[in-house]
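Reading the structure
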Amino acid sequence: MIIFRYLARQILMSTVAVSLVLTLIIVSGRFIKFLSYVVAGELSPEFVFQLVAYRIPGMLVLILPLGLFLGVLLALGRMYLESEMVVLRASGMSSGKLARFALGPALLVSAVVALLSLYLSPLSWQQVEQIYEQESKKSELDNLTPGRFHSLRGGSRTSYTSAYDGDEKELSFVFVSERDEKTGQLRVVVAEAGRQVITNPETQERFVVLEKGFRYDGEPGRADYTEIAFQEYGFLMPPAQGYQRPAKIDALTLSELMAIDDSEHRAELHWRLSMPLLALIITLIAVPMSKTNPRQGRYAKLIPSILLYMTYLTLLTGAKGAIDDGKMGVISLWLIHLGFFLFALSLLFGDRFWERVANLVPRLPQRSKSS
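Residues numbered from 1 in each chain as written. Predicted model: local features only at pLDDT ≥ 70, side-chain atom pairs only at ≥ 80, totals over all residues. Heavy atoms only, no water.

Turning next to the overall build of the protein chain. Along the protein chain, the regular secondary structure elements total 9 helices and 6 strands. Taken over 371 residues, the protein chain has a buried fraction of 40%. In the protein chain, of all internal contacts separated by at least 6 residues, the share reaching a separation of at least 24 is 60%. (Helix = DSSP H or I, 4+ residues; strand = E, 2+ residues; numbered from the N terminus. Buried < 20%, exposed > 50% of the residue type's maximum accessible area, 1.4 Å probe, protein only. Contact = heavy atoms within 4.5 Å.)

Structure (structure tokens):
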């Protein structure tokens, strides 16, 4: 139990550290992707934060198995380099027993992956659908950023406001520039204040009513322009994109997937069920691949191991896509798991065979010290 607790602690610590780094990298990439839309005023910052936060459970379904795989490689690889594994081997620690010990923390990670894949990820996708629907019903004014010029949908109108009260839908010092679609003439409107008025609650038809300002019609650089003072001036806002996002299959619960019998839903169902198994099989592969000697270094097998994991995941993704298209049955997904499980057993109990195979691979000639 002392050895088991020590190995479990080392593996879990490495898994958590690697998973956190991978999560931060992927989440940062998502934020950067949506940042340009926030700056342009097309999306609100609150929407982007909620969207990325609700996507994290779905990301962790694939991040945690990779984090576990790298965690086992790093933890056991360090023990080989520091001769701790030599002591364990001399004490009777076989490859099979080491794999059984590593499966302890792997079962915990697999249970977390199952919880995320079967329950939390569909719930988070349902929340994503709701916030998309709420965002699509917002008007252009709801995405205005005070102190910045904002191009409205279609690009024919540019607006600016120094302050905006989202609750009262009121604006201060408004500037609007637009070009007439028929004549091509430039029109500039400047007003002290403005407000939003909904004329038809059913169709959500909106007008922006500006107060106490001037309207200028003409072309820049030419003197033949007109100036009109007004107490109130209104223009119609573009309609909100109140589209209903199609129900994503990722948002369906386990019972809903089981109730629908078609290739797409069967592929999603078996994909979710197979994700916890991925964490267990990849652990069995990582245990023998973590074996290193001091001359190789701690990260000698890291790149080949990552390529092997990516091959495993690519085959699973390709099989899922083929099942979606009806070209394969769901058995193909499980055959891939079976193939890699047998490969893991061959690495564990046929290490001499794989050593002979590795010796057959030609190596680069080493440069002598005298040269």
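Read on for the rest.
Aromatic ring pairs are defined here through the distance separating the ring centres and the angle between the ring planes. Under the criterion given, the structure shown has 6 aromatic pairs. For the ring pair Phe69 and Tyr309, a centre distance of 5.9 Å and an interplane angle of 20 degrees mean the geometry is stacked. Of this pair, Phe69 sits in helix H2 (residues 45–81) while Tyr309 sits in helix H7 (residues 302–324); the two residues are 240 residues apart in sequence, bridging distant segments of the chain. Residues Phe69 and Tyr309 agree in their burial class; the two are buried. One Lys or Arg, Lys320, reaches over the ring of Trp271 and ends 6.0 Å from the middle of that ring. (Phe/Tyr/Trp six-rings, centres within 6.5 Å; stacked < 30°, edge-to-face > 60°. Lys NZ or Arg CZ within 6 Å of the ring centre and 35° of its normal.)

Moving on to the environment of Gln50. Structurally, the position occupied by Gln50 is in helix H2. On the accessibility criterion, Gln50 (37% relative accessible area) is partly exposed. Separated by 81 residues in the primary sequence, Gln50 and Ile131 have C-alpha atoms spaced 7.8 Å apart.

Another aspect to go through is the side chain of Ser305. Residue placement: Ser305 occurs in helix H7. What Ser305 contacts, discounting residues up to four positions off in sequence, is Phe69, Leu73 and Met289.

Moving on: the side chain of Ser274. Locating Ser274 in the fold gives a position in helix H6 (residues 263–289). When neighbours within four sequence positions are excluded, Ser274 is seen to be in contact with Leu333, Trp334 and His337.

For the rest of this paragraph, the subject is H6. Here H6 spans 36 Å end to end across 27 residues, near enough to the 39 Å set by a 1.5 Å rise per residue. Bending of H6 peaks at approximately 35 degrees at the position of Met275, with proline Pro276 no more than four residues after it. (Expected span 1.5 Å × (residues − 1). Bend = angle between axes of the 7 residues up to and from the residue.)

Turning our eyes to something else, we now look at the nonpolar core. Of all hydrophobic cores here, the largest spans 66 residues; its most connected members are Leu76, Leu98, Ile285, Tyr312 and Leu316. Contributions of two or more residues to this core are made by helix H1 (2–39), H2, helix H3 (84–90), helix H4 (95–136), H6, H7 and helix H8 (331–349). Residue contacts for Leu76: discarding those within four places in its chain leaves Leu7, Met85, Leu98, Val287 and Ser290. By size, the runner-up hydrophobic cluster in this structure holds 11 residues, among which are Val174, Leu210, Tyr233 and Met237. (Core = buried A, V, L, I, M, F, W, Y, C linked by side-chain atoms within 4.5 Å.)

As far as function goes, none of this settles anything; it's purely spatial.
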